[in-house]
Amino acid sequence: MPRLSEVIAALDALWPPSRAEQWDSVGTVCGDPDAEVTRVLFAVDPVQEIADEAVKLGADLIVTHHPLYLRGTTTVEAGTFKGRVVHTLIKNDVALHVAHTNADTADPGVSDALAGALDLRITGPLVPDPSDPAGRRGLGRICELDHPETLREFAARAAARLPRTAQGVRVAGDPDAVIRTVAVSGGSGDSLFDQVRAAGVDAFLTADLRHHPVSEAREQSPLALVDAAHWATEWPWCEQAAAQLDAISERHGWGLRTHVSRTVTDPWTAHAPSVSTPSISGAPN
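Residues numbered from 1 in each chain as written. Predicted model: local features only at pLDDT ≥ 70, side-chain atom pairs only at ≥ 80, totals over all residues. Heavy atoms only, no water.

This paragraph deals with the packing of helix H5 (residues 110–117) against helix H9 (residues 230–252). At a minimum axis separation of 7 Å, H5 and H9 run at an interaxial angle of 100°. Put simply, H5 runs roughly perpendicular to H9. Residues Val110, Asp112, Ala113, Leu114 and Ala117 of H5 form the contact with H9, whose own contacting residues are Thr233, Glu234, Pro236, Trp237 and Gln240. Classifying every residue of the contact of H5 with H9 by side-chain character gives six nonpolar, two polar and two charged. (Axes fitted to C-alpha atoms, helices over the stretch in contact; angles between N-to-C directions. Helix = DSSP H or I, 4+ residues; strand = E, 2+ residues; numbered from the N terminus. Parallel < 35°, antiparallel > 145°, perpendicular 65-115°, else oblique. Contact = heavy atoms within 4.5 Å. Nonpolar A, V, L, I, M, F, W, Y, C, P; charged D, E, K, R; others polar.)

Listed below in structure tokens is the structure:
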């Protein structure tokens, strides 16, 4: 069995910490470098449900996309929810490793997994990494559909192929507009509207789209917007990442067992559709 330090070295080769954004917090949160690793659990969020799942599974290592401590901390006291996660992990000899923005821009990265889940053909990164001479790394991906379809049909494709969440999939644009090319970006993507418009695609699928940026984007161009849940757009990366570690394990003869959590850690738990419309005066009917 490999030691934790060997597995972490392999993960850092896939997603070098040096490629994370300066504000980000990636790498190993807890764990004994000399401990043996036999099972690895991949998940989006390092929350208590995932820590408990890892303990029940007998995992020695959790790899998550989101950081546990993004802005630092002065305590891991178990009375706080993050401190409780750390206590659970350390008491049960479970390590935690984070690959966040360094996984977003990797080749393959988070948006490659998102495009793969939607069965889209990738033509290149949306925001290329200037340090990559091959032009494959970067934030987001520009894609082509296997055949043209309406925005309504494309949204249905996303709703059917991404994990189910309370939010589902929201659309801004003419439902009958024909979609041939799409930009995708896992996670929050409304800071990328300029790059998406410059790419000349028909639609942009991402998450966490806010009212004002969407309103302004719709006024500036006919670009269609497809808004899925943040967790749902990043979960496909867990399967991709697990497959990458499987390949490394097989190459080294480690015999690791990798698992992908199916626990839905999206914070939204229910959705109630609107049923009333405003009257001319603005009061509800």
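The discussion continues.
Here we come to unusual backbone geometry. Residues Asp107 and Pro108 are joined by a peptide bond in cis, for which omega reads 0°. Mapping Pro108 onto the fold places it in the loop between helix H4 (101–104) and H5. Phi is positive for Asp93, which is not a glycine, with a value near 55°. Among the secondary structure elements, Asp93 is positioned in the loop between helix H3 (81–91) and strand S4 (95–98). Overall, the relative accessible area of 63% leaves Asp93 in the exposed class. At Asp208, a residue that is not glycine, the phi angle is positive and equals roughly 60°. (Buried < 20%, exposed > 50% of the residue type's maximum accessible area, 1.4 Å probe, protein only.)

Space inside the largest pocket adds up to approximately 1,200 Å³. If you trace the largest pocket, you find 50 residues lining it, with His66, His100, Ser188, His230 and Glu234 closest to the centre. Elements that contribute at least two residues to the lining of the largest pocket include exactly H3, H4, strand S5 (121–128), strand S6 (138–150), strand S7 (169–172), strand S8 (178–188) and H9. Sort the elements by how many residues they give to the lining of the largest pocket and S8 lands first, with four residues. Taken together, the residues of the lining of the largest pocket sort by class into 20 nonpolar, 16 polar and 14 charged. Taken together, 13 residues line the second largest pocket, and the ones lying closest to its centre are Gly31, Asp32, Ala35, Asp93 and Val94. Looking at the lining of the second largest pocket, its residues break down into eight nonpolar, one polar and four charged. (1 Å grid on protein atoms, 1.4 Å probe; cavity = no way out; pocket = protein on both sides within 12 Å on 5 of 7 lines; lining within 4 Å. Points joined across faces, edges and corners; volume = space filled by probe spheres on them.)

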